[in-house]
Protein chains: 2
Amino acid sequence: MIECPRTREVRLSDTPAPHFGDELITRLRDLGHPLCVGLDPHLNRVPPLFQRGDMSASGSQTPDAVEAFLLAVLDRLQGRVAIVKPQIAFFEQLGWPGLRVLERVMARARALDIMVLLDAKRGDIGSTADGYARAYLEPDSPMPVDAITLNPYLGLDTLEPFAARARDHGRGLFVLVKTSNPGSGDLQDLEVSKGEAGRKVYGAVADSLASLAAELRGPATGWSSLGVVVGATYPGQAIEVRERLPHSIFLVPGYGAQGASASEATQGFVRGPKGLEGGLVASSRGILFAADAHVSGATAWEGAFDRALETAIQELSEAVARER
Amino acid sequence: MIECPRTREVRLSDTPAPHFGDELITRLRDLGHPLCVGLDPHLNRVPPLFQRGDMSASGSQTPDAVEAFLLAVLDRLQGRVAIVKPQIAFFEQLGWPGLRVLERVMARARALDIMVLLDAKRGDIGSTADGYARAYLEPDSPMPVDAITLNPYLGLDTLEPFAARARDHGRGLFVLVKTSNPGSGDLQDLEVSKGEAGRKVYGAVADSLASLAAELRGPATGWSSLGVVVGATYPGQAIEVRERLPHSIFLVPGYGAQGASASEATQGFVRGPKGLEGGLVASSRGILFAADAHVSGATAWEGAFDRALETAIQELSEAVARER
């Protein structure tokens, strides 16, 4: 009997490659809400509770304080959220000691069985993009993560080194399509001449991702490991992007501190077996800095943090449970 | 007598703020060529000469080898180039020890009076962009640089934290307009409906930068601290972008290893007091890895490096000396 070599290869491999889309959606269904907590340690907002002795924003104790703060945050998130989203800029501003903190924080998250989506918005030409992919998306990367955010300005060929790691190592990619900031329209909303009337740059970017998104669909859920960023502050555009990319998971910033409601944040979601699904709603400052800036006791801090976390979870659970 | 408070403030400041555009153009005029050497330490191409004992691409000695290699490179560049361009991805792939090497390499460059342009292509929403600006563009940043490359996809408001450091600390910014890679047209060449017929996304980005570029012009040379990236592989587009941004310094990748000639790389240059000026031509691999990969002696390595450096300097000196 002649076997297809491709099938045999799959059978002989030790473990099936993980698939980011399947893994994430399965966890979100189990939890019943799509909350992703952003880890954006604004230096001047780290509670004094986590600072030992004298410190200033530029003091040498700052990396230690950030680390202590975020490790405490992760302990409170265990079992309650599927994934966290560290924003690398807030670590880079501390130089290499900040990156060392990021490495430790991400390792702790994964040890607590929380997935990690690194918000880095990287994008560069081929050989350089390969460097970024090696930095974050390989099993032996110095700072391995489950998924990363990417910038599409340089073109589709520059996404390929990242796509290769999605295929080979089951990593997830979230490409910027329509961002949450007020000026996102400057470039993203430019109307383009080709395609259907009124199509804008963000729509053209979404269209250009369709074939790769289809290729990277998961066998279990059908959701793709190629996701997109669509700001909660533009719910109408989310519906439009969903039509162009039916199987891409949306990373939705802008909920909470940036002003969008749970209902707006879930506009691009679709019906799944356990309610609306197909996206991650990110909240950073609203949860991370829920406690009064000068809270001094651990119990008071934990209480304020937990209340903000539970409020977000409840709002988003209700939003995905509603009929449409 | 009533003095304008603003004027008095300026008079009272200790030193006039430096201006990136003026400083860079003055140095380039003195040297007679626009070469910018890219520091892209591809791990598998660092000559064995700089590796001590056993090492592999993922081995712990790699950061040390990269550091030794780049410090030797900087010693050979002193007095011969105005500026170097480290590509941060090649350091990030080594994790935080890589960033520590980058910090030391950039500090050495500045100690040797070589300016530093960090190729990071960062871009994010306001509060996050501010984190990147604090990381690299302030006098007390952990890794201070003279200039940085930026990605415009998120919109003009996201450039503002960087522009503030250009104003306050004399830093330079290079915004991606038309990149050198084969797929750069996917997004950058989309034709937009508004503006003159046939205008493309990269042209619209250039137009949107015009007022900030004008604001950031230097008092000595008239050149702006807001520059743009225009790939040498698209010389026709360089001429078009020059019309839209007459005072922006071009950072031109794609010369050498990526295939463009010195003449193509200087297409966007204009006549100045000492020849064609208004741009930086970047060459990385063609100079950095000029020596045979297995070169073992320091003298042989230095000879090959110097020959490649001199060839690039001569080609570019001739290109900017020609009439147009």
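Attention in this report is confined to the structure presented alongside it.

Conventions adopted
- Residues numbered from 1 in each chain as written.
- Chains lettered and ligands numbered in written order.
- Predicted model: local features only at pLDDT ≥ 70, side-chain atom pairs only at ≥ 80, totals over all residues.
- Helix = DSSP H or I, 4+ residues; strand = E, 2+ residues; numbered from the N terminus.
- Contact = placed C-beta atoms within 7 Å.
- Buried ≥ 20, exposed ≤ 12 C-beta atoms within 10 Å, placed from the backbone.
- Pairing = 2+ DSSP bridges.
- Right-handed = clockwise from strand over helix to strand, strands pointing away.
- Core = buried A, V, L, I, M, F, W, Y, C linked by C-beta atoms within 7 Å.
- Least-squares fit on C-alpha atoms with pLDDT ≥ 70 in both.

Turning our attention to the environment of S317(B). Residues and elements named next belong to chain B. Looking at where S317 falls in the secondary structure, it is placed in helix α13 (residues 298-321). Between the C-alpha atom of S317 and that of L35, which follows or precedes it by 282 residues, the distance is 8.8 Å. Not counting residues within four places of it along the chain, the set of residues in contact with S317 comprises G32 and H33.

What follows concerns the pairing of strand β7 (residues 248-252) of chain B. All names here are of chain B. Summarising burial for β7: 5 of the 5 residues are buried, a large majority. The alternating pattern of β7 places S248, F250 and V252 on one face and I249 and L251 on the opposite face, and all of these are buried. With 3 bridges joining them, strand β6 (residues 224-230) and β7 adopt parallel strand pairing. Within β7, the residue paired with V229 across the bridge is L251. Considered for its hand, the β-α-β crossover made up of β6, helix α10 (residues 235-244) and β7 is right-handed.

Right, let's talk about the nonpolar core for a bit. With 212 residues, the main nonpolar core has I83(A), V228(A), I83(B) and V228(B) as its most contacted residues. With near-sequence residues (within four places) excluded, I83(A) lies in contact with L24(A), C36(A), I114(A), M115(A), V116(A), L117(A) and L280(A).

Take the relation of the copies chain B and chain A next. When chain B is fitted to chain A, the best match, at an RMSD of 0.0 Å, comes from turning it 180° and sliding it 0.0 Å along the axis. Here the symmetry operator amounts to a two-fold rotation axis. Nearest to the rotation axis, the C-alpha of V192(B) is located 2.1 Å from it, this being the minimum over chain B. Of all interface residues in chain B, 100% are interface residues in chain A too; the two copies therefore contact each other through one and the same surface.

Function cannot be read off these values alone, since they describe shape.
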